[in-house]
Each structure stands twice: as structure tokens, then as C-alpha cells.
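The residues making up each chain are set out below.
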Amino acid sequence: MNYIHNQLLKFDMNTTLAGYLSIIIMILLIMIICIVANFITKKVVIRIISKVVKKTKFRWDDMLLERKVFHKLSHIVPAIIIYAFAPAFPESFQQLIEKIAIAYLIIMGLVIISSALNAMNDIYQTYEVSRTKPIKGYIQVVKIIIITLGIILLIATLIGESPLILLSGIGALSAVFMLVFRDSLLGLVAGIQLSTNDMVQVGDWIEMPKYGADGDIIDISLNTVKVQNFDKTITMIPSYALISDSFINWRGMQNSGGRRIKRSLFIDKNSITFCTEEMINNFKNIHYLSDYVIHREREIAEYNTRNKINQSNPVNGRALTNIGVFRAYISNYIQHHPGINQEMTLMVRQLAPTENGLPLEIYAFTNDIQWAVYETVQADIFDHLFAVAPEFGIHLFQNPTGNDFKKLADK
């Protein structure tokens, strides 16, 4: 600094102006040195480290690289350079520059420690024991403690006081803080847990009946989570309620690319019967059934012949039933439906009979998660099935209506 100042004075410059100008030049010089040092660190040193890490057989160094621990270490170099050049400035500036440099070092230290702890958790998860004994919760507690101590040290550095004074003052006021800022503290802890565990994000569709919430999250603040319901009303949920109470997050369904159809047709059990020859011949003319019926008919005939079954009575041996053929038709129909995701679970199954008939459940996923499209696909499928059921001699169950009683009265 003195050298630059003396060189400026040789140009017959005013002493005060030369002093300010020397400070500006010094700042620019330090900035250039920091930029060059940071460039060398990132473009040369970090690249060398990355190549070495990728060539090793160990997994732990790859985790550190993925978490960018080495990249974040490079940010410490400019701070060290600034701190080293601080004595070159006048005393009034020296303390301020040193405080800023140390504060930056503390912040970057917290960031690096946090990334290193995340990498430690990643490394631990590569071991089989992590499935039964996870350490993520313990790492989060360590993070909170380290960040708290780091903030105290940062404040103490900026105000020039001992960290012990701040710790003693916080200890005395902790009871008051807990009382006054109870909701904020709960919200803060809940926010950390929600963010760390990736429980909710802005844009997620959540369902929480206790609070009347069923819609998309549009804002997450310290104390509340704002949900816009599908009827365009707004529900405010306390942040800590998402930790203490249960809720449904539909993000998994949205990310999967399919939305589940799980609905049953209730079959009148009195309409279930063995197929006659006439019915079988009619089924052979149905596009989705012809191959199935021919194959099954051949298989049943071979079985009955091989076991010398008396086929004069359909009770003996094996035979086609209208409910079985109808189930096969539904399965083939949804397998060829353009609105159904063929890569996800798809089945047609019978559930336990009830007083309302035999439930024949369709379990499948649409290939579009949009609500309107999903409802349209589901409705189209069941519209078709309601219409074709009589072709199989199937009667769908429903409780008697006024028209049913009127027909009986007319008779």
C-alpha cells in the first residue's frame, strides 16, 4: 500500500487523493489475485483431484466429489488471500476486512461441513446395515448443532465479542424465546425436516382431510403451508402439522406417469352360468375373444378326453363359464386400450362375494395423470363394459329402483 501511495505522490498528486486512489488500486489488485487464484484452483487443482478420484477404486471419494466438497473448498482460497492482505490497508479498514474474511471463512466452513456430512450419509447408505440402522437423523442433529455454533461464532466475530458471552446470554433467554417464539420454532424445525426429508415441495398435490386440504401447495413459509384446493379455495396448514399428522402426497403418482383405476363391476350371482355351444360360437366372433375361446376350448377338450370325463353334464370336468369369459374379455380389452399404461400393473380380479353381488375389480393405470383425462378414460372403459355385459349373459347388480317396483305393480 505504501509503495503504491509513494508512486502516486511522484506524479505531484494530492496526498488525500493519492491515499484513496492507492486503496482502490490495492482492492483491484487483490480482486485480480483472488480471481486468478480461484480460476487456478477450480480449473486446474479441482480437475486434477477429480481425475484422481475417478481412477481410484474407493466409493467414498466419489461421494465427496458428487457432493462437490472439493469444489466448495476452492472458495476458501480467496478469503485467505483477502485476510493475508488486510494488514496492507489502514488500521481503520484492516479490522473490517479481517472480520469480513473470517465471517466468509466461517460460512464456507459450515457449507463444507454440511456437504461432507451429506457425503458421509451417502457413503453409509452403500452398506447393508444402513437399511436397518439409518444415521440420517443423527446427521441432521449434528448439522443443527454445528450450524448453531457456527452462527454464534459468526455473530461474535462481527461484533468483536467472545462467543462465550453470546452463549451465556442465549442460555438465560432460552425460556423466554421458547414461550414467545413457540410457533416459529416449531415451524422452523418442521421446515428443516420437511426440506431435508423432501416430504413436500411447492407444486405437490397433497390431501389432508383434517384441515380440509386437497390441492396443490403454492407456498411454504416458516409457520404455514398454503394449499390451493381444487375448488380454488385456500387452506392454511401449520408447518409442524405436516410432521405431527398424516397426509397424502400424490407426487409419487405424478412422477410415475400413471394414475390408478381401481373400480369394481358388481355381478348378479344368479346370472353366472356355464357357456352353451351357442354362446361359445358367439364369443368366437368377438374380436378380443376369438383366440382366447379357441385356445381354451381346445385345452378343456384335451383335459376332459385325457381324464375320460363324462361330458354329458357340464358339472363334470372343466367347462367355460360366462363370468370367466367376461373376465378374459375385460383383461384383453384394457390391454388394447390406448388410454391405459401397459408398463404398469394391470389385472382383472374377483373379490369376495357380498350381499351386493360378486365384485369384478379392474386394477390398472392410465397413461395420463391429468384429472380430466383420467376420469374420461375410466368412464369410457366402464361405459363400454356396462353395455357389453348382457352379451355374455351377465346381469349387473343394483338395488331395486322405483321403476322396478312399478313394473311389478303393473304385472
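A look at the nonpolar core
Ranked by size, the top nonpolar core spans 34 residues in total, and within it Phe326, Ile381 and Phe392 carry the most contacts. Looking at this core, the elements that each hand over two or more residues are β6 (259-267), α12 (277-283), α13 (290-306), α14 (322-335), β8 (358-366) and α15 (371-388). When residues of this core are assigned to their parent elements, the largest contribution, eight residues, is made by α14. Beyond its immediate stretch of four places on either side in the chain, Phe392 contacts Met279, Phe283, Ile286, Leu289, Asn322, Val325, Phe326 and Tyr329. By size, the runner-up hydrophobic cluster in this structure holds 12 residues, among which are Leu194, Val200, Ile206 and Ile237.

Structural notes on the pairing of strand β4 (residues 234-238)
The alternating pattern of β4 places Thr235 and Ile237 on a buried face, while none of Ile234, Met236 and Pro238, on the opposite face, is buried. One ladder, built from five bridges, connects strand β3 (residues 224-229) with β4; its direction is antiparallel. Bridge pairing in β4 links Gln228 to Ile234.

Section: a positive patch on the surface
On the surface, a cluster of positive charge is contributed by Lys42, Lys43, Arg47, Lys51 and Lys55. Residue position: Lys42 is located in helix α2 (residues 15-55).

Quick look at the pattern of salt bridges
One pass over the structure, following the stated rule, counts seven salt bridges. Here Lys210 and Asp245 are joined by a salt bridge, their closest N and O atoms 3.2 Å apart. With Lys210 in the loop between β1 (205-208) and β2 (213-220) and Asp245 in the loop between α10 (241-244) and β5 (248-249), this residue pair connects regions lying 35 residues apart in the sequence. Here Lys210 falls in the exposed class, since its relative accessible area comes to 62%. Note that Glu299 is salt-bridged to Arg296, the shortest N-O span being 3.2 Å. With Glu299 and Arg296 both in helix α13 and three residues apart, the pair spans about one turn of that helix.

Notes on the sheet that holds strand β7 (residues 347-350)
Taken together, three strands build an open sheet; the order of strands is β6-β8-β7 and the sheet is antiparallel. Each edge of the open sheet is held by one strand with a lone partner, namely β6 and β7. Averaged over all adjacent pairs, the angle separating strand axes in this sheet is 20 degrees, with direction ignored. With four bridges connecting them, β7 and β8 associate as antiparallel partners. In the sheet register, Gln350 faces β8, and the bridge partner there is Leu360. Across the sheet, α14 touches β6, β7 and β8, and the angle it forms with β8 is around 10 degrees. α15 contacts β6 and β8 of the sheet and is inclined by roughly 25 degrees relative to β6.

Details of the confidence of the model for the chain
Here the chain averages 81 in pLDDT, and 85% of its residues register 70 or above. Confidence, expressed as mean pLDDT per element, reaches its minimum in the chain at helix α1 (residues 2-9) with 56 and its maximum at β8 with 95.

Focus on the packing of α14 against α15
The geometry of a pair of packed helices is captured by two quantities: the angle between their axes and the separation between those axes. Across the interface, α14 lies against α15 with an axial gap of 12 Å and an inter-helix angle of 150 degrees. Classified by the interaxial angle, the pair formed by α14 and α15 is roughly antiparallel. Judged by the sense of rotation from one axis to the other, the crossing of α14 with α15 is right-handed. Each of Phe326, Tyr329, Ile330, Tyr333 and Ile334 in α14 lies in contact with α15, whose residues at this interface are Asp380, Ile381, His384, Leu385 and Val388. Taken together, the residues of the contact of α14 with α15 break down into eight nonpolar, one polar and one charged.

Rules used throughout
Per chain, residue numbering runs from 1 following the sequence as it is written. At least 70 in pLDDT is required for a residue's local features to be given in this predicted model, at least 80 for side-chain atom pairs to be given and counted, and no such filter applies to totals for whole chains, interfaces and linings, which use all residues. In computing side-chain properties, one takes all heavy atoms of the structure into account and sets aside hydrogens as well as water. Among buried residues, those of type Ala, Val, Leu, Ile, Met, Phe, Trp, Tyr and Cys that are joined through side-chain atoms within 4.5 Å constitute a nonpolar core. Accessible area is worked out with a 1.4 Å probe on protein chains only. A residue is then buried under 20% of its type maximum, exposed over 50%, and partly exposed in between. Secondary structure elements are defined from DSSP: runs of H or I of at least 4 residues count as helices, runs of E of at least 2 residues count as strands, and each element is numbered from the N terminus. Should any heavy atoms of two residues lie within 4.5 Å, those residues are considered in contact. A strand pair is defined by DSSP finding two or more bridges across the two strands. Patch criteria: residues need more than 30% relative accessible area and no salt bridge. Like-charged residues are merged within 9 Å; nonpolar side chains of Val, Leu, Ile, Met, Phe, Trp and Tyr are merged within 5 Å. Computed with the Shrake-Rupley method and a 1.4 Å probe, the accessible areas treat only the protein chains shown as cover for residues. Within this document, salt bridges are pairs made up of a side-chain nitrogen of Lys or Arg and a carboxyl oxygen of Asp or Glu, the two lying within 4 Å of each other. His residues and chain termini do not enter the charge count, which takes Lys and Arg as positive and Asp and Glu as negative. A single reference atom marks each charge: NZ on Lys, CZ on Arg, CG on Asp, CD on Glu. Helix axes are fitted only over the stretch in contact, all axes being lines through C-alpha atoms; the angle between N-to-C directions runs from 0 to 180 degrees. On a scale of 0 to 100, pLDDT captures the predictor's confidence in every residue. Here the word oblique covers every angle except those under 35 degrees (roughly parallel), over 145 (roughly antiparallel) and from 65 to 115 (roughly perpendicular). Left-handed describes a crossing whose near helix is turned anticlockwise from the far helix through less than a right angle; right-handed describes the clockwise counterpart. Polar here means any residue other than Ala, Val, Leu, Ile, Met, Phe, Trp, Tyr, Cys and Pro, which are nonpolar, and Asp, Glu, Lys and Arg, which are charged; Gly is therefore polar.

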